[in-house]
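Take a look at the letters that make up each chain.
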Amino acid sequence: MTLERIRQYKLHIASPLYDLVNTEILPGTGIDPEVFWSGLHDIIDQYRPRNHELLEKRNVYQKQLDQWHQANPGPVDFDEYQTYLEQIGYLCKSGDPFEVTTENVDDEVAKIAGPQLVVPIDNARYALNAANARWNSLYDAVYSSDIVSEEYGCARGNRYNPARGAKVLSYTKDFLDQAAPLANASHANVVNYRVQGENLIAQMADGSESVLGIKECFAGYCGSKDLPSRILLCNNDLHIELKFNDQRKLDRNRLLEVRDIFVESAITSIMDLEDSVVAVDAEDKVNAYRNWLGLMNGSLEAEIDKGGVSSMRKLNPDRNYLRPDGTPFTLKGRGLMFVRNVGTHIDTDMVTLNGESIPETFLDAMVTVASAMHDLKSDSPLNSRKGSIYVVKPKMHGPDEVKLAVDIFSRVEEHLGLPKNTVKIGIMDEERRTTVNLSECIRVARERVVFINTGFLDRTGDEIHSVMESGPMIPKNHMKATPWLLSYEDNNVEVGLGVGLSGRGQIGKGMWAAPDFMQGMIREKIAHPRSGASTAWVPSPTAATLHALHYHMVDVGKRQAQLVGRSSAKLEKLLTLPVMADIDLDPLQVDREIQNNAQGILGYVVRWINQGVGCSKVPDINDVALMEDRATLRISSQHIANWLRHGIVSREQVEEIFRSMAAVVDRQNAADPTYIPMSQDLKGSIAYQTSLDLVFKGCELPNGYTEYVLHPRRRDFKNAQAG
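Residues numbered from 1 in each chain as written. Predicted model: local features only at pLDDT ≥ 70, side-chain atom pairs only at ≥ 80, totals over all residues. Heavy atoms only, no water.

Participant: What is the right way to read the nonpolar core from this model?
Facilitator: Soluble globular proteins: nonpolar side chains tend toward being buried together. If you look at the biggest cluster of nonpolar residues, it comprises 129 residues, and the most contacted ones within it are Leu17, Phe36, Leu242, Met271, Leu295 and Leu416. Counting residues per element, this core draws most heavily on helix H9 (residues 360-376), which supplies nine residues. What phenylalanine 36 contacts, discounting residues up to four positions off in sequence, is Val21, Leu26, Ile31, Met366, Val367, Ala370 and Leu416. Ranked by size, the runner-up nonpolar core spans 66 residues in total, among them Tyr90, Ala598, Val606 and Val649. (Core = buried A, V, L, I, M, F, W, Y, C linked by side-chain atoms within 4.5 Å. Buried < 20%, exposed > 50% of the residue type's maximum accessible area, 1.4 Å probe, protein only. Helix = DSSP H or I, 4+ residues; strand = E, 2+ residues; numbered from the N terminus. Contact = heavy atoms within 4.5 Å.)

Participant: Is there a simple way to think about the pairing of strand S21 (residues 423-429) in this case?
Facilitator: Across a regular strand the side chains alternate sides, sitting on one face of the sheet and then on the other. Counting buried residues in S21 gives seven out of seven residues, a clear majority hidden from the surface. Covered by surrounding structure in S21 are Val423, Ile425, Ile427 and Asp429 together with Lys424, Gly426 and Met428, the residues of both alternating faces. Two elements, strand S20 (residues 389-393) and S21, share five bridges in a ladder whose sense is parallel. Looking at S21, one finds that tyrosine 390 is bridged to lysine 424. Once you follow S20 into helix H10 (residues 399-416) and on to S21, the crossover reads as right-handed. Bridge count for S21 against strand S22 (residues 449-454) is five bridges, and the pairing is parallel. Bridged to aspartate 429 within S22 is threonine 454. (Pairing = 2+ DSSP bridges. Right-handed = clockwise from strand over helix to strand, strands pointing away.)

Participant: What should I look at first to understand the packing of helix H22 (residues 651-668) against helix H23 (residues 686-696) in this one?
Facilitator: What describes two packed helices is the angle between their axes and the distance between those same axes. It is at 11 Å that the axes of H22 and H23 come closest, and there the two elements cross at 150°. Taken together, the axis directions place H22 and H23 in an arrangement best described as roughly antiparallel. Here H22 and H23 pass one another in a crossing that is right-handed. Residues Arg651, Val654, Glu655, Phe658, Arg659 and Ala662 of H22 form the contact with H23, whose own contacting residues are Tyr688, Ser691, Leu692, Val695 and Phe696. A per-class count over the contact of H22 with H23 returns seven nonpolar, one polar and three charged. (Axes fitted to C-alpha atoms, helices over the stretch in contact; angles between N-to-C directions. Parallel < 35°, antiparallel > 145°, perpendicular 65-115°, else oblique. Left-handed = near helix turned anticlockwise from the far one by under 90°. Nonpolar A, V, L, I, M, F, W, Y, C, P; charged D, E, K, R; others polar.)

Participant: I would appreciate a short explanation of the environment of phenylalanine 329 in the present structure.
Facilitator: Tracing the backbone through its elements, the reader meets phenylalanine 329 in strand S16 (residues 328-331). Judged by relative accessible area, phenylalanine 329 falls into the buried class, the value being 13%. As for phenylalanine 329 and arginine 319, which are separated by 10 residues in sequence, their C-alpha atoms are 8.5 Å apart. Beyond its immediate stretch of four places on either side in the chain, phenylalanine 329 contacts Ala219, Gly220, Leu232, Arg319, Asn320, Tyr321, Leu322 and Arg323.

Participant: In this structure, what is going on with the pattern of salt bridges? I would like to understand it.
Facilitator: Pairs can form between side chains of opposite charge whenever their charged atoms are close. If you walk through the whole model with that rule in mind, you get 49 salt bridges. A salt bridge links glutamate 430 to lysine 395; the shortest N-O distance between them is 3.7 Å. Of this pair, glutamate 430 sits in the loop between S21 and helix H11 (432-435) while lysine 395 sits in the loop between S20 and H10, placing them 35 residues apart in sequence. This pair shows no difference in class: glutamate 430 is buried, exactly as lysine 395 is. A single network of salt bridges, built from pairs that share partners, joins Asp272, Glu274, Asp275, Arg340, Lys395, Glu430, Glu431, Asp458, Asp462, Arg630, Arg634 and Glu707. (Salt bridge = Lys/Arg side-chain N within 4 Å of Asp/Glu carboxyl O.)

Participant: Just checking my understanding: could you explain the pairing of strand S10 (residues 238-244) for this structure?
Facilitator: Where burial is concerned, most of S10 is hidden: six out of the seven residues are buried. Hairpin connection between strand S9 (residues 228-235) and S10: a loop of two residues separates the two successive antiparallel strands, and asparagine 236 in this loop has a positive phi of roughly 50°. The pairing of S10 with strand S11 (residues 258-264) spans five bridges and is antiparallel. Residue isoleucine 240 lies in a different strand from S11, and its bridge partner there is valine 263.

Everything listed here is a matter of coordinates, which is why it stays silent on function.
Next comes the structure, spelled out in structure tokens:
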């Protein structure tokens, strides 16, 4: 599909993008269109050659790693390996000690520990849900999840189940007793709360009274002091709201009915332009940009249909309360929003300079920052109260690439008339060369950095590709127990604390990938705050609410204070290779591993190519729904490519398994009326052929990134559909 292009300076701009910027984004910012487009031209002209050099540097390092591993098969001599990595510049020399100096950071990032929700920005409903997930019903989260057993008449069903409801009430009252305990009673036995002076008094059925065990847990209320309609509690900087029936009356013979319990859940959210979206042309990207603009100026809406009842979803307003002393105050109704730009390896022809495509991340930088200026210029900002713009930078390999991001945002600020360091950067610690040089990566961004986040999914994909020639990788489900991955998670926290990030930014952990398995999340994800991480990614508002309970159990600030000064993870462990040594797989185990990988690849790619869905729950080989995006795709495709490279499987075996798994994926999607089956015409299925390419070209794809295959194939599909 050919779009009209507008010429500005030496740029040729797709007309939908040009119109969006000129007629929707810039009005109200004080930025003249000529200033915007000339600024973009300047950034492209100045930094495109440097970006190209850095991408080529990645390729050079990969060739050098391949050559070393080919020349040094078998167990690695760490001293020799380290010396080699230092000689080629892969490992940077450490500079003098330093501390992060980032200023004007909102409390949601600098001080409050809690969940972080990541959603595709191309879906307006998901984006609004994520922004509004700052406050969620704990009742709804527990009732709708597997936290409460469905045994003994407690099934979820289509109608409210009182037996299940009773278990939910018991679960939530237990939570209140842990997070905001009464001095000598249980919240389960309260008949009324009242405000006396600046204290919260809980009245019991037997006439006795109790106060909160920690007075400071009482944060506010609504309504009258004798019969408040809402009570606000606070623990570890996270709020809990108890909501009562509006027309309630004091009844000392009846336990108080708490109509709902709202907990602060997704304190921050990441509106994603990268791994969870499908944006291959101007049409896709303009939709995503428009949604980000709508979040920043408050105009975004999405129509919701529940049971045939239609409603319009918007950004939630702030929440109003009275302090214990009776003075009014507000709490934000929305989580603080980051926007994740694309990686530097992706080019776009939405804008061309001298007939050549440009790095899409340059365009992201200008457009997303200009859009966020609506928030900065508002008398009542919806997002940042400190006048900052928060951008996540993914897929950066080492300090030089972080420095490029810093320099680009400096120029964006100059062109858009923003104070220096308005734009804050989140560094994704998801590539091997960033992990082993993390401190130096932070150093070059020390005036802007507001988070470092372990992305173990992409990090695993990059690990496989980086050491592709070292030998066959261990099975995927063994990866989480490897020395390099455990050290990687520890190293991220230790380095972050060592450079003073606590109190100025987030130290984050990766995604829980099983959105329907909340019992497992409750059991395992408490490890993240215990590790000293102040945030961790979750896949849904429900998961955010349940993960928030962990931050009531763990005071992350105290935990970080305990960990400061702990010795950093040893480099030797960070560089331990995840190759098979003592693991001896039989043919059935090999087949099962390839089947599971192939099923995940096909299940994700068929939706990406045919339906434009970049993140979704994909059933695995056991029909367990797992969250898949391009990061998980990178792991699965690289893992099969590695086993092919080292003869664990043959091309013929892989092709046969893919053929059989295509039929399985078709069956799993049979109820979707928009689904296009693959198995009926494997040669003609663009999605199927794309899946094969990801595997059979996996070794040659730069860093194993899947966009190089996905993007052109999605365009082929869209063109074919357009006729």
